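Secondary and tertiary structure notes
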Amino acid sequence: MPHKIGFVVVSSSGHEDGFSARELMIHAPTVSGWRSPRFCQFPQEIVLQMVERCRIRKLQLLAHQYMISSKIEFYISESLPEYFVPYQAERFRRLGYVSLCDNAKTGCKARELKSVYVDAVGQFLKLIFHQNHVNKYNIYNQVALVAINIIGDPADFNDENNVTSREKLIDHYLGHNAEDPALDGTYTGKPDYISPLDDLAFDMYQDPEVAQIIRKLDERKHDAVQKERYDYAKKLKQAIADLQKVGERLGRYEVEKRCAVEKEDYDLAKEKKQQMEQYRAKVYQQLELHNLMDAELMRRPFDLPLQPLVHPGSPRHQKPKPSLPQQEERLTEKRAMEPLLQEQPSSRSRSVPPQHAAVGQVLPSPDPRPKIDVEMLPYDERPLPAIRKQQGETHMEYELSDPDVSEAQKGGISGEPEPLTEKALREASSAIDVLGETLVAGAYSKTWSYREDALLALYKKLMEMPTGTPKEDLKNMLRASVFLIRRAVKDIVTSVFQASLKLLKMIITQYIPKHKLSKLETSHCVERTIPTLLTRTGDSSVRLRIIASNFIQEMALFKEVKSLQIIPTYLVQPLKANSSTHLAMSQIDLLARLLKDLGTEGSGFTTDNVMRFSVSALAHRVYEVRETAVRIILDMYKQHRAFILEYLPPDDNNTRKNILYKTIFEGFAKIDGKPTEAEIRAQKKAATEEVERQKKEEIKVLQGQLAALKEIQEKESDAMKPKNQDTQGRKADPPNAPETPDNHYLDHLCIFCGERNESFTEEGLDLHYWKHCLMLTRCDYCKQVVEIASLTEHLLTECDRKDGFGKCYRCSEAVLKEELPRHIKTKDCNPSKSDKLANRCPLCHENFSPGEEAWKAHLMGPAGCTMNLRKTHVLHKVQAPPPGKGSAMTRAGTSGLKAGSKIPTPKRGLSKSSSRTYTKR
């Protein structure tokens with residue numbers, strides 16, 4: 001059987017002061033391990049020599065929390081190479097490597113325990129450490145190793161086994177099973193079984209002294225099993241389990257004491273020391289009281305950390321330090337004398353009272369044992385679980401003839417639970433009649449191991465019930481079992497809780513179908529246990545919550561339970577306002593999971609009860625509950641669509657102010673394939689940005705054309721200067737000579753209506769645009785001057801009050817949103833046509849011929865728009881001239897219409913090839 005192999009450190013490439021590689025030979029909670037030098041060269045290496053040539057089965061490495069090597073290689077050799085001869089290094093054979101985590105996820109606050117399974121023979125092991133992981137704590141680029149553990153067999157172990165293989169083969173065919181797992185110390189019957197006591201984690205988190213005691217107790221347990229002293233073995237098993245908790249607690253105290261010493265807080269260190277001594281003394285008193293330990297093993301060994309490194313079966317164990325053989329001999333002698341003391345009492349036991357005879361086997365304590373109220377102590381600090389009697393009630397009965405029974409009565413730790421109280425007898429009277437008082441007493445015991453054993457015994461008893469048993473007896477057995485299960489489901493100990501679930505599952509899936517009991521019995525099992533199980537889903541322990549939730553889900557899917565539809569009816573019960581957070585979260589999470597597994601057809605879940613539960617859960621105070629309720633509603637909508645809307649408020653702006661309902665309705669839109677409100681806003685924003693971009697491009701094109709026209713005008717003016725100089729002093733041209741306004745074509749000209757006037761300076765044009773231009777108008781809402789042709793677009797996209805306007809789908813004009821429903825309902829508006837067929841006037845609401853020139857004719861012509869207030873004002877202001885009088889300029893009109901101006905509006909832009917108009921005087 002593989003066991004822990006002792007080793008010594010032969011050499012290392014270097015170490016930091018105070019962190020030598022020899023620290024790796026010690027396994028204890030307070031060890032620091034090995035560290036490489038600061039800013040060292042890589043790779044670093046360590047060579048270990050095992051106490052014997054062995055076959056390594058398992059290697060365990062405990063890495064540092066932040067001085068972590070990126071990779072560690074392993075080499076093995078039969079003998080130590082001569083390092084000064086380079087070619088001798090070939091004697092080491094490479095086994096492989098392991099990569100270590102950089103520990104970034106834990107913030108460099110946890111240590112990684114790496115286990116590697118190998119199969120290699122040798123006596124020397126070399127470890128090569130590569131470059132370190134970089135982090136903010138490792139400022140000197142070091143690598144470290146806290147501990148290493150080697151587990152294996154002696155190299156000649158297999159050869160010894162082969163000698164007896166023939167005898168084993170004969171025994172096999174004769175039916176002699178010499179390797180019965182019940183008699184094997186490993187309790188597994190596997191030759192490669194590794195004891196948990198040899199694991200590195202055991203030594204690194206256990207107090208060394210307690211760890212030594214646990215190992216000795218484990219040896220005694222194996223001996224007791226070999227000698228078929230099962231009650232004594234059970235007592236030792238329980239003591240080992242509780243001593244492990246004691247060792248972990250003492251190890252934690254030792255670490256806290258060491259930290260206090262490093263911080264020079266000596267008061268705290270003294271307090272921790274006293275705390276350790278008191279706790280250790282209390283535990284040892286319990287061990288002495290129950291005769292579980294010899295006084296010799298309670299003494300602190302001088303080399304406790306090094307002792308676990310050598311396995312008792314190893315040949316090196318036969319050569320310990322001189323002080324230990326006498327101790328081993330005394331222990332062996334005492335173990336050999338125990339059966340004799342039980343079978344034939346000695347003369348001393350006849351003359352001495354029983355109480356003194358029991359204490360005489362161990363070292364007596366000078367102080368009287370204090371009375372300890374175990375129930376008042378914290379759970380982790382309670383002494384070994386056993387029947388504890390006060391000092392005046394410690395009389396023991398040795399008169400019993402059966403040696404096992406006499407041993408069972410010593411100290412009350414024989415494996416028998418304490419007797420039931422009067423209250424428990426009344427409460428469990430029906431179960432006692434069916435199952436017996438012993439089993440029920442175990443289920444009611446204050447010791448968790450007895451409670452677990454009682455449930456396991458009941459499990460075995462139900463499995464072994466014969467099929468021909470009367471139905472009435474089977475039902476009584478089932479109901480008594482359910483009674484104990486209900487009590488065990490409330491247990492705070494995980495192992496007892498799991499044993500109760502195992503028993504309940506067996507009853508539903510195996511016991512009832514095997515004996516062909518009715519569905520009424522299955523219903524009884526579920527209805528009596530499911531409320532308590534649902535309560536456990538709100539437990540403060542995460543592990544218990546998960547176990548309870550998973551079991552309820554599993555039980556609901558049992559074919560025997562699924563048809564009853566019981567569990568869904570419990571899950572859709574409304575959440576109580578004062579229920580715990582964990583309970584509410586577990587209940588709604590269970591409902592969501594089972595709803596996916598069972599659906600709403602014949603499962604106990606209906607659209608009505610699920611939606612009523614989910615809508616009420618939307619008002620719960622816990623965010624996770626509300627979020628899960630939203631998810632359930634969306635899942636229900638995928639299946640039932642319109643029926644779900646009946647349980648929700650209408651989809652309007654007031655409802656959408658609630659973020660949950662907004663999420664729900666947007667989820668509905670996604671399921672239906674419609675754009676959500678956010679997507680619609682994004683589309684509108686994208687469309688608006690596209691319009692703005694196009695406008696900017698048009699403005700840029702217009703500015704370019706204006707610049708080109710100015711450049712042409714400058715060139716023409718430069719060409720006309722010499723001519724003007726030549727014509728100075730000459731007479732003026734005849735009156736009928738045509739004017740050529742090519743020099744300043746755009747001067748004194750309105751580019752919108754085409755009117756030219758000498759008063760159209762920069763200020764004059766602004767005044768003209770503001771009050772008189774027939775192609776422009778002022779917005780009544782933002783007071784900006786805009787083109788009449790683009791007034792509708794301005795109101796919908798540019799105006800300061802654009803959010804107050806909507807577009808009529810019939811006339812395509814901008815209408816106030818308050819008036820839009822009435823406007824659409826009356827249908828009084830004139831339907832519009834497409835832009836290719838007609839233009840639409842926003843003033844008179846009439847359709848007219850398409851094109852840019854048609855806008856001038858409609859807005860400036862006498863037969864055009866009747867609602868253009870600027871045109872009517874101009875017509876009233878300008879009087880018709882008397883017949884036969886007036887100049888040509890008057891006939892041209894101030895509006896410039898007679899001149900037939902063809903200057904395009906800004907939408908089309910100005911062209912270099914625009915035609916010119918000449919006016920005769």
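In this text, all values refer to a predicted model and were calculated from it rather than measured experimentally.

So, on to the pairing of strand β5 (residues 71–77). Burial runs high along β5: six of the seven residues are buried. In this structure, β5 lies alongside strand β6 (residues 93–99), joined through six bridges in antiparallel fashion. Of the residues in β6, the one forming a bridge with E73 is Y97. Where β5 and strand β7 (residues 113–129) come together, six bridges link them in antiparallel fashion. Looking across to β7, one finds that F74 is bridged to L127.

To continue, consider the pairing of strand β4 (residues 44–63). Counted residue by residue, β4 has 15 buried out of 20 residues, so it is predominantly covered. Relative to β4, strand β2 (residues 7–12) runs antiparallel, the two being bridged by five bridges. Looking at β4, one finds that F7 is bridged to M50. By the bridge criterion, 14 bridges tie β4 to β7 in an arrangement that is antiparallel. Counterpart to L59 in the pairing with β7 is V116. Here β4 pairs with strand β8 (residues 144–154) via nine bridges, running antiparallel. Bridge pairing in β8 places R55 opposite D153.

You can see H133 is positioned in the loop between β7 and β8. Within the structure, H133 has its side chain in polar contact with the backbone oxygen of L100 (distance 2.9 Å). Those residues in contact with H133, other than ones at most four positions away along the chain, are I68, S69, S70, L100, C101, D102 and N138.

Under the 1.5 Å per step criterion, the end-to-end length of helix α15 (residues 448–463) is 23 Å for 16 residues, consistent within 8% with the ideal 22 Å. Those residues of α15 that sit buried are W448, S449, Y450, R451, E452, A454, L455, L458 and L462. Each element contacted by the buried residues of α15 is listed here: α5 (230–262), α13 (429–435), α14 (437–443), α16 (471–489) and α17 (494–515).

Time to look at the pattern of salt bridges. Considering all chains together, one arrives at 28 salt bridges under this definition. As a salt-bridge pair, E16 and R38 come within 3.4 Å of each other at their nearest N and O atoms. Residue E16 is located in the loop between β2 and β3 (34–35), and its partner R38 is located in the loop between β3 and β4; the two are separated by 22 residues in the primary sequence. Residue classification places E16 among the buried positions, given a relative accessible area of 14%. D589 is paired through a salt bridge with R593; the nearest N and O atoms lie 3.3 Å apart. Residue D589 and its partner R593 are both found in helix α22 (residues 581–598); the two are separated by four residues, about one turn of the helix. With relative accessibility at 30%, the residue D589 sits in the partly exposed group. Linked through salt bridges whose partners overlap, the residues forming this network are K4, D203 and R215.

Here we come to the confidence of the model for the protein. Low-confidence regions, as indicated by low pLDDT, have predicted coordinates that should not be scrutinised in detail. For the protein, the average pLDDT comes to 76, and 73% of its residues sit at 70 or higher. Below pLDDT 50 for its whole length, residues 157–170 participates in four contacts with residues either more than four positions away or in separate chains. A low-confidence stretch, residues 729–743 stays under pLDDT 50, and its non-local contacts, those more than four residues away or across chains, total 13 contacts.

This next bit is on the packing of aromatic side chains. Per the counting criterion, the structure on display carries nine aromatic pairs. An angle of 40° between the planes, with centres 5.9 Å apart, marks the rings of Y66 and Y137 as tilted. You can see Y66 sitting in the loop between β4 and β5 and its partner Y137 sitting in the loop between β7 and β8, a full 71 residues away along the chain. When its relative accessible area of 39% is taken as the criterion, Y137 is described as partly exposed.

With that out of the way, let us pick up the nonpolar core. Ranked by size, the top nonpolar core spans 88 residues in total, and within it I507, Y511, M555 and I567 carry the most contacts. At eleven residues, α17 tops the list of elements feeding residues into this core. Look past the residues within four positions of I567 in its chain and what remains in contact with it is V526, I530, I552, M555, A556, V561 and L594.

With that settled, consider the packing of α15 against α16. For any two helices packed against each other, the geometry is given by the interaxial angle and the distance between the axes. Contact pair α15 / α16: the axes reach a minimum separation of 11 Å and the direction vectors enclose 155°. Between α15 and α16, the angle is such that the two are roughly antiparallel. Helix-helix and strand crossings are classified by hand; for α15 and α16 the assignment is left-handed. Here α15 contributes L455, L458, K461 and L462 to the contact with α16, which in turn contributes M477, S481, L484 and A488.

Rules used in this analysis
- Residues numbered from 1 in each chain as written.
- Predicted model: local features only at pLDDT ≥ 70, side-chain atom pairs only at ≥ 80, totals over all residues.
- Heavy atoms only, no water.
- Buried < 20%, exposed > 50% of the residue type's maximum accessible area, 1.4 Å probe, protein only.
- Helix = DSSP H or I, 4+ residues; strand = E, 2+ residues; numbered from the N terminus.
- Pairing = 2+ DSSP bridges.
- Polar contact = N/O pair within 3.5 Å; in protein donor to acceptor, adjacent residues only side chain to side chain.
- Contact = heavy atoms within 4.5 Å.
- Expected span 1.5 Å × (residues − 1).
- Salt bridge = Lys/Arg side-chain N within 4 Å of Asp/Glu carboxyl O.
- pLDDT = per-residue confidence, 0-100.
- Phe/Tyr/Trp six-rings, centres within 6.5 Å; stacked < 30°, edge-to-face > 60°.
- Core = buried A, V, L, I, M, F, W, Y, C linked by side-chain atoms within 4.5 Å.
- Axes fitted to C-alpha atoms, helices over the stretch in contact; angles between N-to-C directions.
- Parallel < 35°, antiparallel > 145°, perpendicular 65-115°, else oblique.
- Left-handed = near helix turned anticlockwise from the far one by under 90°.

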